[in-house]
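# Coordinate analysis (summary)
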Amino acid sequence: MKILVCISNVPDTTSKITFTNDNTAFNNAGVQYIVNPYDEIALSKAIDLAEGGKGTVTVITVGDASTEATIRKALATGADNAIRVNALPRDAWFVANQIAHYAKDNSFDLILTGRESIDYNGTQVGALVATILNIPSVSISKKLDIDGNSATVEREIEGGKEVLTLNLPAVIGTAEGVAETKIPNMRGIMTARTKPLDVIEPIEVAQLSHIVKFETPAPRGAVTLVDAGDVEKLVSLLHEKAKLFNQL
């Protein structure tokens, strides 16, 4: 089985986020980048599926040379080889077209993504890749089993669970529960240096959207502490300050 895993290079969750150029561009200064955590789940599942000579795992990302440390971590975790599309990931449509173009030429049996990237939270790339390739896709899967040329996927829906069976090739977006995230060991870190990392040039894609402006969330207000036994004060604050009861 040939498995392609899409990985994103995202800011560490502890990084302080700021913007430049009148809030039209992300400020990279001092930001530490990591493999998107949901993509790590996808990669771990791919490694499990390919274990014991059952398949190969290729990781692909769209980004400039600064993303190669992230790619090497994916190789250290257990991927067999990596592809970097040499372009900045300007939007989901652009990224999906780059991935789909490579996947079409290399005939993968399974394409795995994370449920979303933790920077833009768009949940778009997987579905767009599947649409371009005209193959099935499932998003936010909690469980994935492969049997021959079919996949059984379990996903949570409002009020219960949904179980789907689909034919391969397919694109599946993974979430918590699909696999335990793997941590690179020393052997993996050493061998990652010799694994293939191929750089390819992007294809032309029409730009359908562009970022107008970034805004940070409003700062949280001060917290008022109320003694656990002072119910009267709590009700008074909820009524007069929070205006909670006025909305009922």
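We now turn to the structure provided with this report. It should be emphasised that the depicted structure is a prediction, and the values quoted were computed from it without experimental measurement.

### Side note on the side chain of aspartate 91
Locating aspartate 91 in the fold gives a position in the loop between strand 7 (81–86) and helix 3 (92–106). Lacking a salt bridge, the buried aspartate 91 has arginine 90 as its closest oppositely charged neighbour, with an N-O distance of 4.5 Å. Aside from chain neighbours lying at most four places away, what touches aspartate 91 is Leu208 and Ser209.

### As for the packing of aromatic side chains
We describe a pair of aromatic rings using the distance from one ring centre to the other and the angle between the two ring planes. One pass over the full model with this rule turns up 3 aromatic pairs. Centroid distance phenylalanine 19 to phenylalanine 26: 6.3 Å. Interplanar angle 70 degrees. Geometry classified as edge-to-face. A relative accessible area of 23% places phenylalanine 26 in the partly exposed class. Chaining the aromatic ring pairs together yields one cluster made of Phe19, Phe26 and Phe214. The residue whose ring lies beneath lysine 2 is phenylalanine 108, and the NZ or CZ to ring-centre distance is 4.9 Å.

### So, the sheet that holds strand 6 (residues 56–63)
As summarised here, the arrangement of the 9 strands in space is 11-10-9-12-8-1-6-7-13, forming an open sheet in which the pairing is mixed. Strand pairing shows two members of the sheet lacking a second neighbour, strand 11 (160–167) and strand 13 (197–200), which therefore form its edges. Adjacent strand axes in the sheet meet at a mean angle of 30 degrees when their direction is disregarded. On the sheet, helix 2 (residues 68–77) packs against strand 6, strand 7 and strand 13 and is oriented at approximately 160 degrees with respect to strand 7.

Scoring rules and cut-offs
Residues numbered from 1 in each chain as written. Predicted model: local features only at pLDDT ≥ 70, side-chain atom pairs only at ≥ 80, totals over all residues. Heavy atoms only, no water. Helix = DSSP H or I, 4+ residues; strand = E, 2+ residues; numbered from the N terminus. Buried < 20%, exposed > 50% of the residue type's maximum accessible area, 1.4 Å probe, protein only. Lys, Arg positive; Asp, Glu negative; His and termini not counted. Salt bridge = Lys/Arg side-chain N within 4 Å of Asp/Glu carboxyl O. Contact = heavy atoms within 4.5 Å. Phe/Tyr/Trp six-rings, centres within 6.5 Å; stacked < 30°, edge-to-face > 60°. Lys NZ or Arg CZ within 6 Å of the ring centre and 35° of its normal. Pairing = 2+ DSSP bridges. Axes fitted to C-alpha atoms, helices over the stretch in contact; angles between N-to-C directions.

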